Amino acid sequence: MAGFVALAEQFIAHYYTTFDADRKNLASLYRDNSMLTFEGAQSLGAAAITEKLASLPFQKVVHRPSAQDAQPSPTGGIIILVTGQLLVDEEGNPLSYSQAFQLEKDGNGAWFVFNDIFRLVYG
């Protein structure tokens, strides 16, 4: 049962390290049937998702996940919810965020992001 938790932890560490270094390098984590909803705007497919992430209006970002939960899905995938803070460019005040991922395996047995939902948390 703990296998999916360890995989989720490894995924989150890899995802945010890659995002913070160069978010264009996240393309390999998505497939043509992947969907991203970023602050209500939807992007379908790896190319569109990579384009959306690369076009975000900041140069530097540091994610600081503070909590994550994972559950297995009935399809054999993993659902992950992350909450935390991020620092953007030279802004001194961190922004709170919530992000949910659904990981699935592709035809070759490789894990990929099927669904990705990101939302800043205000208040």
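- Where an unreviewed UniProt entry is consulted, the protein appears under the name Nuclear transport factor 2, with the organism given as Podospora didyma.

1. Quick word on the packing of aromatic side chains
Now for step 1: Going through the model one piece at a time under the given rule, you end up with 9 aromatic pairs.
Now for step 2: Residues Tyr15 and Phe19 carry aromatic rings whose centres are separated by 6.1 Å and whose planes lie at 40 degrees to one another, so their mutual orientation is tilted. Placement of the pair is Tyr15 and Phe19 together in helix α1 (residues 3–22), with a separation of 4 residues, close to one helical turn. In terms of burial, Tyr15 and Phe19 fall into one category: buried.
Now for step 3: Ring centres 4.6 Å apart and planes at 5 degrees place the aromatic pair Phe38 and Phe118 in the stacked group. Residue Phe38 is located in strand β1 (residues 30–38), and its partner Phe118 is located in strand β6 (residues 111–121); the two are separated by 80 residues in the primary sequence.

2. Things to note about the side chain of Arg23
Now for step 1: Residue placement: Arg23 occurs in the loop between α1 and β1.
Now for step 2: Arg23 has contacts with Thr18, Leu53, Ala54, Leu56, Phe58 and Gln59, leaving out every residue within four places of it along the chain.

3. Quick word on the UniProt feature "domain: NTF2" (unreviewed entry) in the protein
Now for step 1: As recorded in UniProt, the feature "domain: NTF2" (unreviewed entry) lies at residues 7–120.
Now for step 2: Segment residues 7–120 splits into 22% helix and 50% strand. End C-alpha atoms: 25 Å apart.

4. Some points on the nonpolar core
Now for step 1: Counting residues in hydrophobic clusters, the biggest one holds 29 residues, and the most contacted among them are Phe11, Tyr15, Phe19, Tyr30, Leu53, Ile80 and Phe101.
Now for step 2: Looking at this core, the elements that each hand over two or more residues are α1, β1, α2 (46–54), β4 (78–88), β5 (95–105) and β6.
Now for step 3: Residue contributions to this core peak at 7 residues, all from α1.
Now for step 4: Contacts of Leu53, omitting those with residues within four sequence positions, involve Tyr15, Phe19, Arg23, Leu26, Tyr30 and Leu36.

5. Topic: the pattern of salt bridges
Now for step 1: As enumerated under the stated definition, the model contains 3 salt bridges in all.
Now for step 2: Between Arg31 and Asp106 there is a salt bridge, and its shortest N-O distance comes to 2.9 Å. Residue Arg31 is found in strand β1, and its partner Asp106 is found in the loop between β5 and β6; the two are separated by 75 residues along the sequence.

6. Some points on α2
Now for step 1: Looking only at α2, the buried set comprises Ala46, Ile49, Thr50 and Leu53. Down the axis of α2, the buried set is contained in an arc of 100 degrees. They therefore lie on one face. When the buried face of α2 is taken as reference, the exposed residues oriented beyond 90 degrees from it are Ala47 and Glu51.
Now for step 2: Along its buried surface, α2 packs onto α1, β1 and β2 (41–44).

7. A closer look at the pairing of β6
Now for step 1: Note that β1 and β6 share 5 bridges and pair parallel. Residue pairing across strands places Thr37 opposite Ile117, the latter belonging to β6.
Now for step 2: In this structure, the hairpin formed by β5 and β6 is closed by a connection of 5 residues, where Gly109 is found at a positive phi of approximately 85 degrees.

Basis of the calculations
Residues numbered from 1 in each chain as written. Predicted model: local features only at pLDDT ≥ 70, side-chain atom pairs only at ≥ 80, totals over all residues. Heavy atoms only, no water. Phe/Tyr/Trp six-rings, centres within 6.5 Å; stacked < 30°, edge-to-face > 60°. Helix = DSSP H or I, 4+ residues; strand = E, 2+ residues; numbered from the N terminus. Buried < 20%, exposed > 50% of the residue type's maximum accessible area, 1.4 Å probe, protein only. Contact = heavy atoms within 4.5 Å. UniProt positions renumbered as here; feature names shortened; annotations may be inferred. Core = buried A, V, L, I, M, F, W, Y, C linked by side-chain atoms within 4.5 Å. Salt bridge = Lys/Arg side-chain N within 4 Å of Asp/Glu carboxyl O. Arc of directions from axis to C-beta. Pairing = 2+ DSSP bridges.

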